[in-house]
Amino acid sequence: MSIYLDNAATTPIDPEVFEAMKPFMLENFGNPSSTHSHGRKVRAAIESSRKKIAELLNCTPGEIIFTSGGTEADNTIIISAVHTYGIKHAISSPIEHHAVEHTLGHLARQGIITLHMVKLDANGHVDLDHLEQLLKEYPNALVSLMHANNEIGNLLDLDYVGRLCQTYGAYFHSDTVQTVGHYKHDLTKTLVHGITAGAHKFHGPKGSGFMFLRKDKKIKPFVHGGAQERNMRGGTENVYGVIGLAKALEIAYRDMDEHIIHVKKLKARMIDQLRKQIPGVSFHGDSENLERSLYTVLNVSLPESEDNSMLLFNLDLQGISVSGGSACSSGAQTGSHVLGSLYPNSKRGAVRFSFSKYNTENEIDIAVSKLAELFKVTV
Ligand SMILES: Cc1ncc(COP(=O)(O)O)c(C=O)c1O
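In this text the structure is predicted, and so the values were computed from the model without any measurement. (Residues numbered from 1 in each chain as written. Predicted model: local features only at pLDDT ≥ 70, side-chain atom pairs only at ≥ 80, totals over all residues. Heavy atoms only, no water.)

Counted according to the given criterion, the structure contains 22 salt bridges. Among the ionic pairs, Lys189 bridges to Asp159, the shortest N-O distance being 3.2 Å. In this pair, Lys189 is assigned in the loop between β6 (171–174) and β7 (194–198) and Asp159 in helix α6 (residues 158–167), connecting sequence segments 30 residues apart. Across the salt bridge formed by Glu291 and Lys264, the nearest N and O atoms sit 3.6 Å from each other. One end of the pair, Glu291, is in the loop between β9 (282–283) and β10 (297–302); the other, Lys264, is in helix α8 (residues 239–277), and 27 residues separate them in sequence. Within the structure, one salt-bridge network assembled from shared partners comprises Arg43, Glu47, Arg50, Glu229, Arg230 and Glu237. (Salt bridge = Lys/Arg side-chain N within 4 Å of Asp/Glu carboxyl O. Helix = DSSP H or I, 4+ residues; strand = E, 2+ residues; numbered from the N terminus.)

As structure tokens, then:
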């Protein structure tokens, strides 16, 4: 038996995406910067991918820059915005992904910025009044707040924060790696300056992503080299990665309504069954709230027991792949900075289930009963 419930870490590639990529691995191998026909053909495919993504996100093609994924995109926006605008203060939260947290930490340790942490409420949502206070105190700051948390799923009101940032002249970056391909972004309406995406989070290839950079708030390049990506990111493009990324996003938008209904049902079913089968179970962050959290993520909080850490290991032995905190760094149950900062004294266990269009109700039922069985053994 093999059940994959770790889709916030990565998703399986959609066969339709793979089919779209294949010709660019085999026959269409030209370098897109070459001016001969082999190159031109590939250049045209890259530009049509860019156009497709821009149409879906309601921005212009020139605002989409391809990268190796979310991490590079987050690094680029944060570091380049700080350097371009001489930013001295950054406002962020203690539960950002390491791609953001470590990048800001690096700039702060070098003395380039001073970092200010916004308060979170008991469920891990950003305290918007405190954010406004910080913005007032430090005008023209960099604000970096994620759209959805990859461990607990909490969602941020991007439109509201965008308006606040505009009022106080802040540069607004949001790590949207967990929401691109799962929610419809309208970048004409949402006043964000830079967002990021990784194709492997929505059934596209790994090592391929993009950043949106608003055209009226330009930043300097981060990766220097050739003139690729309108001089914004040197290096020969990951051609089949780009083709797969655009195809995956196209499919995600085409089928999104249907998938949201399916995945939300799976999540609701799991919440319901966990409550019935595990006394004392609760949920980390706001992940049981179907409206204020990612519908793809459920972070289960298990009553304190002798050896919660063995649960993940035993689930794995039973063929069920889940994550303890975030799988992005180690896959280990211990050491989640997100759970650590929200529940500093908690000894409860954490299991993050994350779902995709490929999961079934039967898989949910099996996963819950296995977890309940294992949990009984440990208490
Ligand atoms: C919220 C968030 N940001 C950034 C990343 C990094 O993205 P990538 O794996 O594409 O570098 C991830 C996942 O790994 C993530 O969940």
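Right, let's talk about the sheet that holds strand β12 (residues 349–354) for a bit. With respect to topology, three strands assemble into an open sheet ordered β9-β10-β12, the strand pairing being antiparallel. Every other strand in the sheet has two partners, leaving β9 and β12 as the edge strands with one partner each. Of the pairings in the sheet, the one linking β10 to β12 comprises six bridges and is antiparallel in character. Opposite Ser301, over in β12, you have Ala350 as the bridge partner. Packed on one face of the sheet, α8 meets β9, β10 and β12 and runs near 10 degrees to β10. (Pairing = 2+ DSSP bridges. Contact = heavy atoms within 4.5 Å. Axes fitted to C-alpha atoms, helices over the stretch in contact; angles between N-to-C directions.)

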